[in-house]
Every structure is written in C-alpha cells, then in structure tokens.
Amino acid sequence: MGLAYNVYLNSKRIYGCKVCKTHLADHDEIISRNFRGQHGKAYLFNSVVNVQQGEAGERNMTTGRHVVRDVSCRQCKEVVGWKYDRAYESTEKYKEGKYILEQEQLCQVS
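Note that the coordinates shown come from a computational prediction; the quantities given were computed from them, not determined experimentally.

The rules behind each value
Residues numbered from 1 in each chain as written. Predicted model: local features only at pLDDT ≥ 70, side-chain atom pairs only at ≥ 80, totals over all residues. Heavy atoms only, no water. UniProt positions renumbered as here; feature names shortened; annotations may be inferred. Helix = DSSP H or I, 4+ residues; strand = E, 2+ residues; numbered from the N terminus. Core = buried A, V, L, I, M, F, W, Y, C linked by side-chain atoms within 4.5 Å. Buried < 20%, exposed > 50% of the residue type's maximum accessible area, 1.4 Å probe, protein only. Contact = heavy atoms within 4.5 Å. Lys, Arg positive; Asp, Glu negative; His and termini not counted. Salt bridge = Lys/Arg side-chain N within 4 Å of Asp/Glu carboxyl O. Polar contact = N/O pair within 3.5 Å; in protein donor to acceptor, adjacent residues only side chain to side chain.

Student: Would you explain the UniProt feature "domain: Yippee" (unreviewed entry) in the protein chain in this entry?
Tutor: When the UniProt feature table is mapped onto this chain numbering, "domain: Yippee" (unreviewed entry) sits at residues 13-110. Annotated as residues 13-110, this span is 0% helix and 57% strand, and its ends, taken at the C-alpha atoms, are 5 Å apart.

Okay, here's the thing in structure tokens:
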C-alpha cells in the first residue's frame with residue numbers, strides 16, 4: 001500500500017484535529033455552519049484532508065435518513081465527524097459527498 005503522507009494546507013485559517021493538530025480542512029471550504037453533531041455545533045465542508053473513512057451505514061438524523069460514514073483523523077484516529085454518502089430526501093441531496101466536522105473536535109491551526 002505504501003506510506004500515507006499528511007497533506008499540509010496553505011491557507012489563512014486552517015482547522016485541525018483538537019487532539020494532535022493535524023490539518024483537516026480549509027476555512028474557505030465551509031458550506032454551512034448551521035449543523036449540529038453529537039458534541040454540539042458542526043460545520044459542513046466541501047472537502048477535508050488527512051482523514052480515514054469508516055464503514056457506511058444508514059442513520060436517522062434530524063433531517064431524515066442518510067447513508068453516512070464516520071471520519072477519523074488519520075494521525076491519531078480520533079473521530080472528528082462524518083461523511084454523507086447518500087440522502088434519501090430530495091431537499092437533502094446537496095449533502096452527498098460532503099463532510100461534517102464537529103467544532104468540539106477541532107482547533108484552529110493558523
């Protein structure tokens with residue numbers, strides 16, 4: 001499989017893993033701040049880096065049923081949010097392929 005190298009973002013505002021400070025997302029990739037996770041406030045991101053994805057599974061969420069998978073920091077394995085694989089409601093389709101990162105699991109790296 002080879003070595004997995006971390007991606008280092010070059011941006012004014014970078015969100016990192018609260019535990020190990022590994023870069024996870026660029027502030028400019030935020031689509032919405034109007035989300036809630038298990039630990040409170042959460043952000044919807046267009047893309048993230050340095051994460052591992054868990055197995056996909058169906059979950060009933062506030063906005064309906066979705067197929068999601070947990071995402072963990074690649075460095076320390078801490079679960080930092082989830083990825084939307086599929087939304088059953090047509091009004092929720094915009095979330096497909098997007099990521100939720102929970103504010104409580106993040107820190108600002110720069």
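Student: Just checking my understanding: could you explain the nonpolar core for this structure?
Tutor: Nonpolar side chains in soluble globular proteins tend to end up buried together. In this structure, Leu-24, Phe-45, Val-48 and Leu-101 are the most contacted members of the largest nonpolar core, which totals 15 residues. Contributing elements (two or more residues each) for this core: strand S1 (14-17), strand S2 (23-26), strand S4 (40-45), strand S7 (64-73) and strand S9 (99-102). Those residues in contact with Leu-101 that sit more than four places away from it in its chain are Leu-24, Ala-25, Ala-42, Tyr-43, Phe-45, Val-48, Val-71, Val-80, Gly-81 and Leu-106. Grouped together as the second largest cluster of nonpolar side chains are seven residues, Phe-35, Ala-42, Val-68 and Tyr-84 included.

Student: Could you clarify how one ought to interpret the environment of Asp-28 in this entry?
Tutor: Mapped onto the fold, Asp-28 is located in the loop between S2 and strand S3 (30-37). C-alpha separation for the pair Asp-28 and Arg-13, spaced 15 residues apart in sequence, amounts to 8.0 Å.

Student: I'm lost on the side chain of Glu-102 in this one. Help?
Tutor: Mapped onto the elements of the fold, Glu-102 is located in strand S9. Buried and unpaired, Glu-102 has Arg-59 as its nearest opposite-charge partner, separated by 7.7 Å. Engagement of the side chain of Glu-102 in a polar contact is seen with the backbone nitrogen of Gln-38, the distance being 3.1 Å. Ignoring sequence-local partners within four residues, the contact set of Glu-102 consists of Gly-37, Gln-38, His-39, Gly-40, Lys-41, Ala-42, Val-80 and Trp-82.

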